[in-house]
Amino acid sequence: MQDSKNLIKLIYERAAQRLLFLPHAVRQMMRSERMISPSEIRQIIANGEIIEDYPDDVRGHSCLLMGKGASGRSIHVVCAPKDEYLAIITAYIPTLDDWEEGFKVRKR
(Lines give C-alpha, C1' and ligand atoms only; values in the text may rest on other atoms or scores of the structure.)
Protein backbone atom coordinates (compact mmCIF):
# COMPACT_ATOMS: atom_id res chain seq x y z
CA MET A 1 0.00 0.00 0.00
CA GLN A 2 1.23 3.45 -0.89
CA ASP A 3 1.86 5.73 2.08
CA SER A 4 -0.14 8.96 2.22
CA LYS A 5 2.88 11.22 1.49
CA ASN A 6 3.62 9.37 -1.74
CA LEU A 7 -0.06 9.29 -2.67
CA ILE A 8 -0.56 13.03 -2.14
CA LYS A 9 2.60 13.72 -4.16
CA LEU A 10 1.22 11.60 -7.01
CA ILE A 11 -2.12 13.44 -6.76
CA TYR A 12 -0.33 16.81 -7.06
CA GLU A 13 1.69 15.58 -10.06
CA ARG A 14 -1.33 14.20 -11.92
CA ALA A 15 -3.45 17.28 -11.13
CA ALA A 16 -0.69 19.47 -12.59
CA GLN A 17 -0.92 17.44 -15.81
CA ARG A 18 -4.71 17.49 -16.17
CA LEU A 19 -7.95 17.08 -14.23
CA LEU A 20 -10.61 14.82 -15.70
CA PHE A 21 -14.05 15.29 -14.17
CA LEU A 22 -15.99 12.04 -14.58
CA PRO A 23 -19.71 12.38 -15.44
CA HIS A 24 -20.80 11.36 -11.93
CA ALA A 25 -18.60 14.10 -10.42
CA VAL A 26 -20.05 16.73 -12.75
CA ARG A 27 -23.62 15.70 -11.88
CA GLN A 28 -22.87 15.82 -8.15
CA MET A 29 -21.06 19.16 -8.36
CA MET A 30 -23.94 20.75 -10.30
CA ARG A 31 -26.69 19.80 -7.84
CA SER A 32 -28.43 23.00 -6.76
CA GLU A 33 -27.77 22.46 -3.06
CA ARG A 34 -24.05 21.92 -3.72
CA MET A 35 -22.84 24.03 -6.66
CA ILE A 36 -19.19 23.02 -6.28
CA SER A 37 -16.93 24.81 -8.75
CA PRO A 38 -13.88 23.36 -10.51
CA SER A 39 -11.78 26.02 -8.76
CA GLU A 40 -12.97 24.69 -5.39
CA ILE A 41 -11.94 21.19 -6.47
CA ARG A 42 -8.48 22.53 -7.34
CA GLN A 43 -8.36 24.23 -3.94
CA ILE A 44 -9.20 20.94 -2.17
CA ILE A 45 -6.53 19.09 -4.17
CA ALA A 46 -3.93 21.74 -3.33
CA ASN A 47 -4.74 22.18 0.36
CA GLY A 48 -6.91 19.26 1.48
CA GLU A 49 -5.92 16.10 3.27
CA ILE A 50 -6.45 12.43 2.58
CA ILE A 51 -9.01 11.11 5.07
CA GLU A 52 -9.69 7.71 3.47
CA ASP A 53 -7.54 5.58 1.17
CA TYR A 54 -9.03 3.04 -1.24
CA PRO A 55 -6.08 1.05 -2.65
CA ASP A 56 -8.31 -1.77 -3.93
CA ASP A 57 -11.01 0.34 -5.58
CA VAL A 58 -12.34 -1.17 -8.83
CA ARG A 59 -11.61 2.17 -10.56
CA GLY A 60 -7.97 1.95 -9.48
CA HIS A 61 -6.27 3.29 -6.37
CA SER A 62 -8.31 6.25 -5.19
CA CYS A 63 -8.78 8.30 -2.05
CA LEU A 64 -11.10 10.73 -0.32
CA LEU A 65 -9.80 14.25 0.22
CA MET A 66 -11.36 16.73 2.63
CA GLY A 67 -10.77 20.45 2.53
CA LYS A 68 -12.40 23.85 2.60
CA GLY A 69 -13.99 25.47 -0.42
CA ALA A 70 -14.10 29.14 -1.35
CA SER A 71 -16.72 30.03 1.25
CA GLY A 72 -15.04 27.96 3.97
CA ARG A 73 -17.46 25.06 3.63
CA SER A 74 -16.14 21.50 3.94
CA ILE A 75 -15.97 19.57 0.69
CA HIS A 76 -15.12 15.93 0.04
CA VAL A 77 -13.48 14.90 -3.25
CA VAL A 78 -12.87 11.32 -4.35
CA CYS A 79 -10.05 11.16 -6.87
CA ALA A 80 -7.80 8.63 -8.56
CA PRO A 81 -4.37 9.37 -10.00
CA LYS A 82 -3.97 7.84 -13.47
CA ASP A 83 -0.96 7.76 -15.79
CA GLU A 84 -1.58 11.16 -17.39
CA TYR A 85 -4.29 12.86 -15.31
CA LEU A 86 -6.15 13.00 -12.00
CA ALA A 87 -9.66 11.55 -12.28
CA ILE A 88 -12.25 13.36 -10.17
CA ILE A 89 -14.73 10.60 -9.33
CA THR A 90 -17.14 12.59 -7.19
CA ALA A 91 -17.40 15.66 -4.98
CA TYR A 92 -19.97 16.49 -2.33
CA ILE A 93 -20.71 18.49 0.80
CA PRO A 94 -20.48 16.14 3.81
CA THR A 95 -23.21 16.27 6.45
CA LEU A 96 -23.36 15.44 10.14
CA ASP A 97 -25.83 12.69 9.25
CA ASP A 98 -22.92 10.59 7.94
CA TRP A 99 -19.80 12.23 9.40
CA GLU A 100 -18.50 13.15 12.85
CA GLU A 101 -17.86 16.81 13.66
CA GLY A 102 -15.05 18.06 11.43
CA PHE A 103 -16.14 15.71 8.60
CA LYS A 104 -12.99 13.54 8.75
CA VAL A 105 -14.43 10.41 10.40
CA ARG A 106 -17.46 8.47 9.21
CA LYS A 107 -20.18 7.73 11.71
CA ARG A 108 -20.51 4.01 12.41
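Residues numbered from 1 in each chain as written. Predicted model: local features only at pLDDT ≥ 70, side-chain atom pairs only at ≥ 80, totals over all residues. Heavy atoms only, no water.

This paragraph deals with the overall build of the protein chain. Helix and strand counts for the protein chain stand at 3 helices and 5 strands. Ordering the α and β elements of the protein chain from the N terminus gives α-β-α-α-β-β-β-β. Principal-axis analysis of the C-alpha atoms gives the protein chain an extent of 35 × 30 × 25 Å. Here the protein chain holds 108 residues, and 41% of them are scored as buried. Within the protein chain, contacts between residues at least 6 apart in sequence are counted, and of these 50% link residues at least 24 apart. Working note: accessible area of the protein chain is about 6,300 Å², and carbon and sulfur atoms make up 52% of it. (Helix = DSSP H or I, 4+ residues; strand = E, 2+ residues; numbered from the N terminus. Buried < 20%, exposed > 50% of the residue type's maximum accessible area, 1.4 Å probe, protein only. Contact = heavy atoms within 4.5 Å. Areas by Shrake-Rupley, 256 points an atom, 1.4 Å probe, with all protein chains shown as cover.)

The next point concerns helix 3 (residues 38-47). All of the buried residues along helix 3 are Glu 40, Ile 41, Ile 44 and Ile 45. When helix 3 is viewed along its axis, its buried side chains cluster within an angular range of 140° and face the same direction. Turning to helix 3, the residues buried within the fold contact helix 1 (4-17), strand 1 (19-21), helix 2 (23-29), strand 3 (62-68), strand 4 (74-81) and strand 5 (86-92). (Arc of directions from axis to C-beta.)

Along the chain, Gln 28 turns up in helix 2. Its relative accessible area of 15% is what places Gln 28 among the buried residues. There is a polar contact of 3.3 Å between the side chain of Gln 28 and the side chain of Arg 31. If we skip the residues at most four places from it in the chain, Gln 28 touches Arg 34, Thr 90 and Ala 91. (Polar contact = N/O pair within 3.5 Å; in protein donor to acceptor, adjacent residues only side chain to side chain.)

We now examine the side chain of Arg 14. Within the element layout of this structure, Arg 14 appears in helix 1. A polar atom in the side chain of Arg 14 sits 3.3 Å from the backbone oxygen of Asp 83. Apart from the residues within four sequence positions on either side, Arg 14 is in contact with Pro 81, Lys 82, Asp 83, Glu 84, Tyr 85 and Leu 86.

Read from one edge of the open sheet, 5 strands run 1-5-4-3-2, paired in mixed fashion. Across the chains shown, the open sheet's two edge strands, defined by having one partner strand only, are strand 1 and strand 2 (49-54). Pairs of neighbouring strands in the sheet enclose a mean axial angle of 30°, with direction left out of account. By the bridge criterion, 3 bridges tie strand 1 to strand 5 in an arrangement that is parallel. Residue Phe 21 lies in a different strand from strand 5, and its bridge partner there is Ile 88. Each of strand 1, strand 2, strand 3, strand 4 and strand 5 is contacted by helix 3, which is oriented at about 105° to strand 3, the strand it contacts most. (Pairing = 2+ DSSP bridges. Axes fitted to C-alpha atoms, helices over the stretch in contact; angles between N-to-C directions.)

What follows concerns the pattern of salt bridges. All told, the structure shown has 7 salt bridges when counted by the stated rule. Here Glu 33 and Arg 31 are joined by a salt bridge, their closest N and O atoms 2.7 Å apart. One continuous salt-bridge network, built from bridges that share partners, spans Lys 9, Glu 13 and Arg 14. (Salt bridge = Lys/Arg side-chain N within 4 Å of Asp/Glu carboxyl O.)

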